[in-house]
Each structure stands twice: as structure tokens, then as C-alpha cells.
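# Analysis of the macromolecular model
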Amino acid sequence: MTNNQSSNSNNSLLKKKDKLLFAVSDAEGMAELQSEYDAFRNALTEVLETQIEFFPVDNFVEAAVSLQLGLVDLVLAGPSEYVIVKARTNAVPIVALTRPNYRSIIAIRADSEIDSLADLKGKKIELGEIGSTGNYIGPIKMLIDAGLNPQSDITIVNSKEYQLKALKNGEVDAWEKFGTDTKVLCKKRVYLRAIIPYLPRARHFPMMYLLVVANSNQP
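## What about a negative patch on the surface?
On the surface, Glu28, Asp58, Glu62 and Glu129 cluster together into a negatively charged patch. For Asp58, the location among the structural elements is in the loop between strand E3 (51–54) and helix H3 (60–68). Looking at Asp58, the relative accessible area reads 54%, which means it is exposed.

## Things to note about the packing of aromatic side chains
For any pair of aromatic rings, geometry is given as the distance between the ring centres together with the angle between the planes. Inspection of every chain in the model, using the stated rule, returns two aromatic pairs. Seen in terms of ring centroids, Phe22 and Phe40 are 5.9 Å apart; in terms of plane orientation they differ by 50°. Their pairing is tilted. With a gap of 18 residues between them, Phe22 in strand E2 (residues 19–24) and Phe40 in helix H2 (residues 29–48) connect regions that are remote in the sequence. Look at Phe22 and you get buried, because its relative accessible area is 0%. These aromatic residues form a ring-pair network of at least three members: Phe22, Phe40 and Phe54. Sitting over the ring of Phe54, Arg41 keeps its end group 5.4 Å from the ring centre.

## Thoughts on unusual backbone geometry
Working note: non-glycine residues mostly have negative phi, and peptide bonds are mostly trans. Here the phi dihedral of Glu49 falls at roughly 55°; this positive angle occurs in a residue that is not glycine. Note on placement: Glu49 falls in the loop between H2 and E3. Using a relative accessible area of 64% as the deciding quantity, one classes Glu49 as exposed.

## Structural notes on the pattern of salt bridges
On inspection of all chains with the given rule, the structure shows four salt bridges. Glu53 is the salt-bridge partner of Lys19, the closest N and O atoms lying 3.6 Å from each other. With Lys19 in strand E2 and Glu53 in strand E3, the pair connects residues that are 34 residues apart, well separated along the chain. We classify Lys19 as partly exposed; its relative accessible area is 38%.

## Let's talk about the nonpolar core
Judged by nonpolar contacts, the single largest core of 15 residues is most densely connected at Phe22, Val24, Leu33, Tyr37, Ile52, Leu74 and Leu76. The set of elements that each furnish at least two residues to this core consists of E2, H2, E3, strand E4 (74–77) and strand E5 (91–99). Tallying contributions element by element places H2 first for this core, with four residues. Setting aside residues up to four positions removed in sequence, Ile52 forms contacts with Leu20, Phe22, Arg41, Leu44, Thr45 and Leu74. If you look at the next biggest cluster of nonpolar residues, it comprises 14 residues, including Ile106, Ile108, Leu120 and Leu127.

## Remarks on the pairing of E2
In terms of strand pairing, E2 meets E3 through four bridges, oriented parallel. Along E3, the bridge assignment pairs Phe22 with Phe54. A crossover links E2 with its parallel partner E3, the connecting element being H2, and its sense is right-handed. Inspection of the sheet shows E2 paired to E4 by three bridges, in the parallel sense.

Here is what the cut-offs are and how they apply
- Residues numbered from 1 in each chain as written.
- Predicted model: local features only at pLDDT ≥ 70, side-chain atom pairs only at ≥ 80, totals over all residues.
- Heavy atoms only, no water.
- Patch = residues over 30% accessible without salt bridge, like charges linked within 9 Å, V, L, I, M, F, W, Y side chains within 5 Å.
- Areas by Shrake-Rupley, 256 points an atom, 1.4 Å probe, with all protein chains shown as cover.
- Salt bridge = Lys/Arg side-chain N within 4 Å of Asp/Glu carboxyl O.
- Lys, Arg positive; Asp, Glu negative; His and termini not counted.
- Charge placed at Lys NZ, Arg CZ, Asp CG, Glu CD.
- Helix = DSSP H or I, 4+ residues; strand = E, 2+ residues; numbered from the N terminus.
- Buried < 20%, exposed > 50% of the residue type's maximum accessible area, 1.4 Å probe, protein only.
- Phe/Tyr/Trp six-rings, centres within 6.5 Å; stacked < 30°, edge-to-face > 60°.
- Lys NZ or Arg CZ within 6 Å of the ring centre and 35° of its normal.
- Core = buried A, V, L, I, M, F, W, Y, C linked by side-chain atoms within 4.5 Å.
- Contact = heavy atoms within 4.5 Å.
- Pairing = 2+ DSSP bridges.
- Right-handed = clockwise from strand over helix to strand, strands pointing away.

Everything listed here is a matter of geometry and, on its own, says nothing about what the molecule does.
Structure, rendered in C-alpha cells:
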């Protein structure tokens, strides 16, 4: 579902450029950009009538700095990432996207004795980068809702690579990833078992991503 919040003046500024560079704050490398966001890039190209090329960044901080320095024109970022981007730049949202059923999922090894989030007390969990909406703030709320104190009841590991290696090797007891389908996540990795997806359906809210542009960097 798309909610276009852009003004005619914003689109006019974008269309003045022959090419726009587009970054995604939580996509790692060109390969992920091409596999996960190429369709979206093509749609933007058609709407803006301007060629759009990917600009890979390592994290949302680099995305904000790149936008601030005029190295990139468009950034797709989650709610918390947008706050940082907005604080560092003159960025304004031009498109708002909601992603129904997009949620944080905490997974454990299939042979684990853990059956609930409460069982994670005294355990170790790997989360994504601090400040990330889906990979950090979401699971932290899950732990709090389960009655756990993230600062004292559980050890949180933040890995730059943020892969499944630590869980698979037994270095951590749980691992979090945001996505749309728990069954698909675990089917692709038969050694995984999800505890629960983020929030019961009655309290579920969709993750929202914002496409932003720094007007001060536009011609």
C-alpha cells in the first residue's frame, strides 16, 4: 500500500536531474539491493521519469551522511532511521509505504528447549544494529512485553554481519530477523524454529518505510 505524500514541487526538483542515486538504509550491499528492491527502483523510475541507480550503504548512519553530503538523492528508511536522517539533513518524505504483516521474528535452534520469550531469561540473543526499527526496537519491545528487562535479564549481542552463524554455532541462544513469513524463514533454514512473530494479530501494526529526499541538495 502506498501513500504519496510528495508535493508537485518536490517531484519537479527530482525530475530536473538526469539520474538519481537511491539508497536503502537496511540493505547490505549491491546484491541485496538488486534482488530485493529492483522492482521498486523500476517503479520509481517510471513515476519520476528519471533514471534511478542503486547506491549501496552499510547502515542508516552512512545513508544519512551520504544524503547530507549530496552523495545520494533518495533514501528508503524505517521510522527510527528516518528520525536520524531527518536530524542530520533537510530530508522530507515524498512517499510513505506500509508493509502489512511485516514484523520482527525471534528464532531459536530447532533442538532448543526454549518454548517462549520468557525462557530467554539468562540467555543470549543476537539483534541487528542499534536503532534499527525492525531488527532492534521491535525485538526489544517483544522482550519487554514478555516481562524481561533487556538490560539485566538477557545478554544482547549486536553483530555487524548479522548472519545466522552465531546461532547455528551455539554462540547465542536466539536470533531476530524482521520479515513477512515465519514459515518461509524457517523452511529455508531447517535448523531454525520461531518462538512467536511480533505482536498478536489483534495488536499488530505494519512497519512503515519512508522514501526521503534532501531538497537542499537538489538543483
